[in-house]
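# Remarks on the overall topology
This is what each chain is made of:
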Amino acid sequence: MNQEKSIYIQIKEMIETDILRDILLEEERVPSTNELAKLYAINPATAAKGINLLVDEGVLYKKRGIGMFVTAGAKKMIQTKRKKGFFETYVKGMLTEAASLGITKEELIEMIRSEKGEENHE
């Protein structure tokens, strides 16, 4: 846990990351709010707020009397959302800065390829 983001947002993002990394699989039960509260020494209501955000997004669903489960297709939903967020947060700013420095898209692609150790295949 860090202090840059609200704890409930961090809980939400940790569960999403566990789904992306196949730690939590589709149709698998997620830790309860009480389990999360105990694990991270937080209020169960805070953990519930993070879980409920995922329910609202369709990533988790409730089986009455059993707990919360990962929705089929949740991993793909999270990937799509995070790809868009990655583009908005990182790539757009990088492209704007590259343009202001006079770096062409071709030069940028070449920089990326050389960073990865690839040859130019144009």
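Figured I'd write up the structure that's included with this text. Please read these numbers as outputs of a predicted model, since none were measured by experiment. (Residues numbered from 1 in each chain as written. Predicted model: local features only at pLDDT ≥ 70, side-chain atom pairs only at ≥ 80, totals over all residues. Heavy atoms only, no water.)

### What to know about helix α1 (residues 7-20)
This is how the line gets drawn: Helix and strand assignments follow DSSP, with helices taken as H or I runs no shorter than four residues and strands as E runs no shorter than two, numbered in order from the N terminus. Between the first and last residue of a helix there are one fewer steps than residues, each counted as 1.5 Å, and that sum is the expected span. In this analysis, two residues are considered to be in contact whenever any of their non-hydrogen atoms come within 4.5 Å of each other.
Relative to the 20 Å expected for 14 residues at 1.5 Å per residue, α1 spans 20 Å between its end C-alpha atoms, a close match to the ideal helical length. Against α2 (33-40), α3 (44-56), β2 (67-70) and α4 (74-100) lie the buried residues of α1. Positive backbone phi, approximately 60 degrees, marks D22, located one or two places after α1.

### Comments concerning the pairing of β2
Cut-off, in case you're wondering: When DSSP locates at least two bridges between a pair of strands, those strands are taken to pair.
Two elements, strand β1 (residues 60-63) and β2, share 4 bridges in a ladder whose sense is antiparallel. Its bridge partner being in β2, L60 is matched across the sheet by V70. Between β1 and β2, which follow one another and run antiparallel, lie 3 residues, and G65 among them has a positive phi close to 80 degrees.

### Observations regarding the side chain of Q10
The condition is simple: When accessible area is computed with a 1.4 Å probe and restricted to protein chains, residues below 20% of their type maximum are described as buried, those above 50% as exposed, and intermediate ones as partly exposed.
Among the secondary structure elements, Q10 is positioned in helix α1. Classification of Q10 by relative accessible area gives buried; the value is 7%.

### What to know about the packing of α1 against α4
Applicable threshold: Between N-to-C directions, angles span 0 to 180 degrees; the directions come from axes that are lines fitted to C-alpha atoms, helices contributing only their stretch in contact. The sense of a crossing depends on the near helix, which, turned anticlockwise from the far helix by less than a right angle, makes the crossing left-handed and, turned clockwise, makes it right-handed. Residues are grouped as follows: nonpolar covers Ala, Val, Leu, Ile, Met, Phe, Trp, Tyr, Cys and Pro; charged covers Asp, Glu, Lys and Arg; every other residue, Gly included, is treated as polar.
Running from amino to carboxyl end, α1 crosses α4 at an angle of 115 degrees, the nearest separation of the two axes being 9 Å. Crossing handedness for the pair α1 and α4: left-handed. Note on element contacts: α4 touches α1 through A74, K75, I78, Q79, K81 and R82, opposite K12, E13, E16, T17, I19 and L20. Residue composition of the contact of α1 with α4, grouped by class: 4 nonpolar, 2 polar and 6 charged.

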